[in-house]
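This is what each chain is made of:
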Amino acid sequence: MLDTRTPLVEMNDISIAFGGIRAVDRASIDLFPGEVVGLLGHNGAGKSTLIKILSGAYKRDAGSIRINGEDATINNPRDAKAYGIETIYQQLAVADNVDAAANLFLGREITTAIGTLDDAAMESKAREVMGRLNPNFRRFKEPVKALSGGQRQSVAIARAILFNARILIMDEPTAALGPQETAQVGELIKQLKSDGIGIFLISHDIHDVFDLADRVVVMKNGQVVGSARTEDVTKDEVLGMIILGKVPPGATPGPGAQTGLV
Amino acid sequence: MADQHAIPTNIHPSRFAQNPLQRFLMATELDTRLLGMIGALAIIWIGFNIFSGGLFLTPRNLWNLSVQTASVAVMVTGMVLVIVTRNIDLSVGSILGVVGMVMGVMQTDILPSQLGLGLGHPMIWVLSLAAGLVVGVGIGALQGTIIAYLRVPAFIVTLGGYLVWRGAAWWVTMGRTVAPMDPTFQLMGGGPAGSVGSLWSWIVAVIACAAILIGLYWGRRQRRRFNFPLRPIWAEIALAIIGCGLVIGAVLVANAYPWPVRIAARYAEANGIPVPESGLFISHGIAIPVLIALGVGVVMTFIATRTRFGRYVFAMGGNPEAAELAGINTRWVTVKIFMLMGALCAIAAAISSARLNAATNALGTLDELYVIAAAVIGGTSLAGGVGTIAGALLGALVMQSLQSGMVLMGLDSPLQSIVVGAVLVFAVWLDTLYRRNKH
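Rules of the game
Residues numbered from 1 in each chain as written. Chains lettered and ligands numbered in written order. Predicted model: local features only at pLDDT ≥ 70, side-chain atom pairs only at ≥ 80, totals over all residues. Domains from an automatic or database assignment. Contact = placed C-beta atoms within 7 Å. Helix = DSSP H or I, 4+ residues; strand = E, 2+ residues; numbered from the N terminus. Nonpolar A, V, L, I, M, F, W, Y, C, P; charged D, E, K, R; others polar. Core = buried A, V, L, I, M, F, W, Y, C linked by C-beta atoms within 7 Å. Buried ≥ 20, exposed ≤ 12 C-beta atoms within 10 Å, placed from the backbone. Pairing = 2+ DSSP bridges. Axes fitted to C-alpha atoms, helices over the stretch in contact; angles between N-to-C directions. Parallel < 35°, antiparallel > 145°, perpendicular 65-115°, else oblique. Left-handed = near helix turned anticlockwise from the far one by under 90°.

### Side note on the domain arrangement of chain A
Interfaces are often sized by the accessible area lost when the parts come together.
Residue and element names in this part refer to chain A.
Inference 1: Parsing chain A into structural domains produces domain 1 (2-84 + 165-253) and domain 2 (98-163).
Inference 2: Centre-to-centre separation of domain 1 and domain 2, based on C-alpha positions: 27 Å.
Inference 3: Between domain 1 and domain 2, the contact holds 9 residues from the first and 8 residues from the second.
Inference 4: The element contributing the most residues to the side of domain 1 that touches domain 2 is helix 6 (residues 179-194), with 3 residues.
Inference 5: Classifying every residue of the side of domain 1 that touches domain 2 by side-chain character gives 7 nonpolar, 1 polar and 1 charged.

Right under this line is the structure:
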């Protein structure tokens, strides 16, 4: 029933190669408003690379990207942001030496009438957003370097949602976090989902995403093995997709599916 | 729920400090590292004053020190931004040399003879300086483009530039020294004529004090607007007194240094002023090159802390990948940094050549090392992301104080180099210790 609407994102037959190695090979993936799609696969399966093409960090060799049903040109991170695509990277892409507010507004600073930075306004807005996300956070004056992993992660997430993202990409969002912080991120994802934001969750650990995702897409060796609604498959079946490339009956096979096997 | 447990955020943290010194530092929000540097400078000054038999802390020496620092001080403000973005510029001394030569040829040959303005035309200094700025910015743009877009490391590009521009300086006049400079241009180099005198020095002091007071008031208003913790009133007053006190003290020193007797007598004769028995006392006041350097310092601080460009420079230094992913055009920012550095080299070239009253092949030789050393002593981290303009200016003053003090003590020049080198390494080691303890 979701499929009758226009997908928020459609990536069709995307390929990219680095020095002869096909990191992503004719991969197709889509995302609907208010949907959480878990993108799973081993380290090196090509999931981060595929998603970096969407966020503008890499340029694809072939394939097309459609946003809201219209062809999109994404050549750099600025283009992606213009389409409302925000990314939270695995390696926490924050500038360590400046404070939380400076990171939240990096590249999109609030300026005064004469074009200078309005730090007070930015800090005030940062306090508001961070207050919603992580009420215990109050180290606004310190460089991000001094913060804990969870606090840094909240800064990265706050940056993504601050500018009304429509499409959120989270690359291993809980890898650096403790259990309590992981639960917080889970709550946050549900909240964003109810706001109609489409979310790609990328992980190599099925437990991180299975409960949060509406649908999972599994990649192996740069190709899509298959996709499935989480209610139609079990965790073990998805593990089989990740490890063996074996597509269970409840899933739709992709170009990377193993056929005639085992 | 969470709001009930939250500590109100608008109480200033200094409320919780126990020890009075700590409380003072927290309340005034002064940078302890900068205070440490001022302390080190005070030790150097007092030490040299003792060892030189009271020659160091005289108005005359301090005034000379300020003029000698000006050229390196102008360049170091740009070097901070270069180093903050994990680059380096080894070519600044050579750029200074070639730009000085271009400005020299402009004012002695091209403008007066070839364009027929005649010697002493009032526009000569402006046009020469403009030509120098164009050449400086152009060189910076070229080097910056090679670094940012062709991805050649800054170390190599500017090492090449070091040789190329020094050679170019030689090539402009085939090694001939260009002199004398235009009389108006010479004012940028200081000297009795190139100083603003006591009245104007006081006017500068009044403007500076007013700026300090307005800045404090404005900061307080902004904080109140957004309900941020305010500094205690006594801390604001202490800051105002310290700031204005420093300004007034500096002007008092500059005004206490009189023109040399003979120059004053000649001036009195020319202007028909009667010379009293005790001799004529005409104050130098603040030297023009020092005003230029201070102006550059203020503008560069503004650029570094209040503009998007400055914010991007620091973010790029902290995490270049994050800056790129945040949508910053990091390559173009890099080019702009080097263009700015070129412009500052041109201003420094004007000061040095005006002071020497000549443009020579050797102008600015070794300056790159002094500039880098001053930036590093001033707390700019070669690992990137950290540095302040004010700290770098202090670093330049420390470097020049060492040199000047050793000359006053009559130390041989090989020993001077040894001391400067050792101090540089020692200062960076201290800084490393400081940073490690802080975190």
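### Structural notes on the nonpolar core
Residues and elements named next belong to chain B.
Inference 1: Residues Val74, Val76, Cys345 and Ala374 are the most contacted members of the largest nonpolar core, which totals 185 residues.
Inference 2: With 17 residues, the single largest contributor to this core is helix 15 (residues 330-356).
Inference 3: Contact partners of Cys345, with chain neighbours within four places excluded, come to Met75, Val92, Ile95, Leu96, Val99 and Gly136.

### Details of unusual backbone geometry
Residue and element names in this part refer to chain B.
Inference 1: Looking along the chain, the bond that leaves Ala179 and enters Pro180 is cis, with omega of -10°.
Inference 2: In this structure, Pro180 sits in the loop between helix 7 (154-173) and helix 8 (183-186).
Inference 3: At Met174, a position not held by glycine, the phi torsion is positive, near 55°.
Inference 4: By the element assignment, Met174 lies in the loop between helix 7 and helix 8.
Inference 5: Judged by local crowding, Met174 falls into the exposed class, with 7 C-beta atoms found within 10 Å.

### Observations concerning the sheet that holds strand 6 (residues 85-88) of chain A
Residue and element names in this part refer to chain A.
Inference 1: Spatial strand order, 6-7-8-3-9-10-11: 7 strands in an open sheet with mixed pairing. Unpaired on one side and paired on the other, strand 6 and strand 11 (252-253) mark the two borders of the sheet.
Inference 2: Where strand 9 (residues 215-220) lies against strand 10 (residues 223-229), 6 bridges are found, and the strand directions are antiparallel. Following the sheet pairing, Val218 is matched in strand 10 by Gly226.
Inference 3: On top of the sheet, helix 5 (residues 149-162) reaches strand 6 and strand 7 (167-171); it is set at about 180° to strand 6, its chief contact.

### Side note on the interface of chain A and chain B
Inference 1: Listed as interface residues are 23 residues of chain A and, on the opposing side, 25 residues of chain B.
Inference 2: Sorting the residues of the side of chain A that touches chain B by element identifies helix 2 (77-82) and helix 4 (119-133) of chain A as the ones contributing at least two each.
Inference 3: By residue class, the composition of the side of chain A that touches chain B is 12 nonpolar, 5 polar and 6 charged.

### Notes on the sheet that holds strand 1 (residues 9-18) of chain A
Residues and elements named next belong to chain A.
Inference 1: One open sheet accounts for 4 strands, arranged 2-1-4-5; its pairing is antiparallel. One side of each edge strand has no neighbouring strand; the edge strands of this open sheet are strand 2 (21-31) and strand 5 (70-71).
Inference 2: As judged from the 2 bridges shared by strand 4 (residues 62-67) and strand 5, these two strands associate in the antiparallel manner. Counterpart to Ile67 in the pairing with strand 5 is Glu70.
Inference 3: In this fold helix 1 (residues 47-54) packs onto strand 1, strand 2 and strand 4, with an angle of close to 115° to the strand it touches most, strand 1.

### Structural notes on the environment of Asn329 of chain B
Residue and element names in this part refer to chain B.
Inference 1: Its location among the elements puts Asn329 in the loop between helix 14 (320-325) and helix 15.
Inference 2: Looking at Asn329, the number of C-beta atoms within 10 Å reads 16, which means it is partly exposed.
Inference 3: Each C-alpha atom of the pair Asn329 and Gly140 lies 18 Å from the other, and the pair is 189 residues apart in sequence.

### Digging into the packing of helix 5 (residues 92-114) of chain B against helix 7 of chain B
Residues and elements named next belong to chain B.
Inference 1: For the pair helix 5 and helix 7, interaxial distance at closest approach is 7 Å and the crossing angle is 20°. Judged by the inter-axis angle, helix 5 sits roughly parallel to helix 7. You can see that helix 5 and helix 7 cross each other, and the crossing is left-handed. Every residue of helix 7 that contacts helix 5 at Ser94, Ile95, Gly97, Val98, Met101, Val102 and Val105 is listed here: Gly161, Tyr162, Trp165, Arg166, Ala168, Ala169, Val172 and Thr173.

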